[in-house]
Amino acid sequence: MTAVEKRRVAVLISGRGSNMEALYRACTMSDHPAEIIAVLSDRSDAAGLEFARSEGLVATAVPRSGFSSKAEHEAAMLSALDEARPDFVCLAGYMRLLSADFVDRFSGRMINIHPSLLPLYPGLDTHQRALDAGALVHGCSVHFVTAGMDEGPVLAQAVVPVLPTDDSSTLAARVLKAEHRLYPHALRLLASGAARMDKAGRVQLSGDIASDGDALLISPGHA
Ligand code: GRF
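Residues numbered from 1 in each chain as written. Predicted model: local features only at pLDDT ≥ 70, side-chain atom pairs only at ≥ 80, totals over all residues. Heavy atoms only, no water.

This part is about the overall build of the protein. Counting its regular elements, the protein contains six helices and nine strands. A compact globule built from 223 residues would reach a C-alpha radius of gyration of about 17 Å, and the protein, at 17 Å, matches this within 12%. Considered along the principal axes of its C-alpha atoms, the protein spans approximately 50 × 45 × 40 Å. Across the 223 residues that make up the protein, the buried fraction comes to 46%. For the protein, the accessible surface area stands at approximately 11,400 Å², while carbon and sulfur atoms represent 52% of it. If you average the places of the 21 positive and of the 26 negative side-chain charges in the protein, the two averages end up 3 Å apart. (Helix = DSSP H or I, 4+ residues; strand = E, 2+ residues; numbered from the N terminus. Rg over C-alpha atoms; globule rule 2.2 N^0.38 Å. Buried < 20%, exposed > 50% of the residue type's maximum accessible area, 1.4 Å probe, protein only. Areas by Shrake-Rupley, 256 points an atom, 1.4 Å probe, with all protein chains shown as cover. Lys, Arg positive; Asp, Glu negative; His and termini not counted. Charge placed at Lys NZ, Arg CZ, Asp CG, Glu CD.)

Attention shifts here to the nonpolar core. Of all hydrophobic cores here, the largest spans 45 residues; its most connected members are Val-11, Ile-36, Val-39 and Ile-111. At 10 residues, helix H6 (residues 168–191) tops the list of elements feeding residues into this core. If we skip the residues at most four places from it in the chain, Ile-36 touches Val-9, Val-11, Leu-23, Tyr-24, Cys-27 and Leu-57. In this structure, Ala-10, Leu-78, Leu-81 and Tyr-94 belong to the second largest nonpolar core, which totals 20 residues. (Core = buried A, V, L, I, M, F, W, Y, C linked by side-chain atoms within 4.5 Å. Contact = heavy atoms within 4.5 Å.)

What follows covers the site of the ligand. Lining the immediate environment of the ligand, one finds Arg-16, Gly-17, Ser-18, Asn-19, Gly-93, Ile-113, His-114, Pro-115 and Glu-179. Measuring from an oxygen atom of the ligand, one finds a side-chain N or O atom of Ser-18 at 2.5 Å. Compared with its free state, where it exposes 370 Å², the ligand has 85% of that area covered by protein. Those elements giving two or more residues to the shell around the ligand turn out to be helix H1 (18–27) and strand S5 (110–114). Of the residues contributing to the shell around the ligand, the split by class is two nonpolar, five polar and two charged. (Near = heavy atom within 4 Å. Polar contact = N/O pair within 3.5 Å; in protein donor to acceptor, adjacent residues only side chain to side chain. Nonpolar A, V, L, I, M, F, W, Y, C, P; charged D, E, K, R; others polar.)

A few words now on H6. If you check H6, its first and last C-alpha atoms are 33 Å apart, about what 24 residues at 1.5 Å a residue would give, namely 34 Å. Of the residues that open H6, the one with a side-chain oxygen 3.0 Å from the backbone nitrogen of Ser-169 is Asp-167. Just past H6, the residue Gly-193 takes up positive phi, approximately 85°. (Expected span 1.5 Å × (residues − 1).)

Once that is clear, we can look at the pairing of strand S2 (residues 34–41). Of all the eight residues making up S2, seven are buried; the element is thus mostly covered by neighbouring parts of the structure. In the sheet, strand S1 (residues 7–13) pairs with S2 via seven bridges, with the strands oriented parallel. Looking at S2, one finds that Val-9 is bridged to Ile-36. Remark: the S1/H1/S2 crossover connection has right-handed handedness. In this structure, S2 lies alongside strand S3 (residues 59–61), joined through three bridges in parallel fashion. Across the sheet, Val-39 pairs through a bridge with Ala-59, a residue of S3. Taken together, S2, helix H2 (residues 47–54) and S3 constitute a β-α-β crossover, and its handedness is right-handed. (Pairing = 2+ DSSP bridges. Right-handed = clockwise from strand over helix to strand, strands pointing away.)

In this structure, the amide linkage connecting Leu-118 to the following residue, Pro-119, adopts the cis form with an omega of 10°. Relative to the assigned elements, Pro-119 resides in the loop between S5 and helix H5 (126–132). Despite not being glycine, Arg-85 has its phi angle at roughly 50°, a positive value. Relative to the assigned elements, Arg-85 resides in the loop between helix H3 (70–84) and strand S4 (88–91). The residue Asp-150 is not glycine, and still its phi comes out positive at about 55°. Mapping Asp-150 onto the fold places it in the loop between strand S6 (137–144) and strand S7 (154–161).

A few words now on the sheet that holds S2. Pairing within the open sheet is mixed, and its seven strands lie in the order S3-S2-S1-S4-S5-S6-S7. Edge positions in the open sheet fall to S3 and S7, since each of these has one partner strand only. Across the sheet, the mean angle from the axis of one strand to that of its neighbour is 20°, orientation sign disregarded. As paired elements, S6 and S7 share seven bridges and run antiparallel to each other. When the bridges of S7 are listed, Cys-140 appears paired with Ala-158. Sheet strands touched by H1: S1, S2, S4 and S5. Its angle to S2, the strand with the most contacts, is close to 155°. Those strands touched by H6 are S1, S2, S4, S5, S6 and S7, and its axis lies near 155° from that of S7. (Axes fitted to C-alpha atoms, helices over the stretch in contact; angles between N-to-C directions.)

As far as function goes, none of this settles anything; it's purely spatial.
So, in structure tokens, the structure goes:
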């Protein structure tokens, strides 16, 4: 089988980096259309940096604390990104809201993973909020990044059941497992050209990947 031509991807993290790791592992497969060429963090103590370095990736910390304003910090992040020349940028637990200028630079080329079925529960504490709402399903979304927090058009989602015995940490663990499958899949759609964001900010999919979408039926206690 001929290896696919890989698109260059930079990943932005702030902490653990388990989604970055899942992306990296998927991208080492010869048939995945992306390769991780750089990892950037706004924190020098982000655990994910260690993993990235152990795999020989360029992993750079640009700590926010080293800059007196958000604009200066973003300028430094941008110049590190420019050096890496990514085709796409993946936010993976990057805990800063990016300015509209930054986002515009990567319009249609930057995606984020969020631990809820957007547009439900943008922001923090998504798992507890799903439990408090009595939701029977929860999940995660990969969306294009636009200026509003967790607001961009959704590229892919994964659904998990909420079990009667769940607390926010058991639910978070189930969602995280789904995130690790969803993010590489969503990046594949983007990097292969099968999905893109059009000028009106809608996701366009090429015909062969659209399915007729069977319903997933979940009742309380479904395992
Ligand atoms: C994930 O739950 C992601 O959806 C959210 O932040 C968390 C990051 O986890 N945006 P990790 O750093 O990828 O392990």
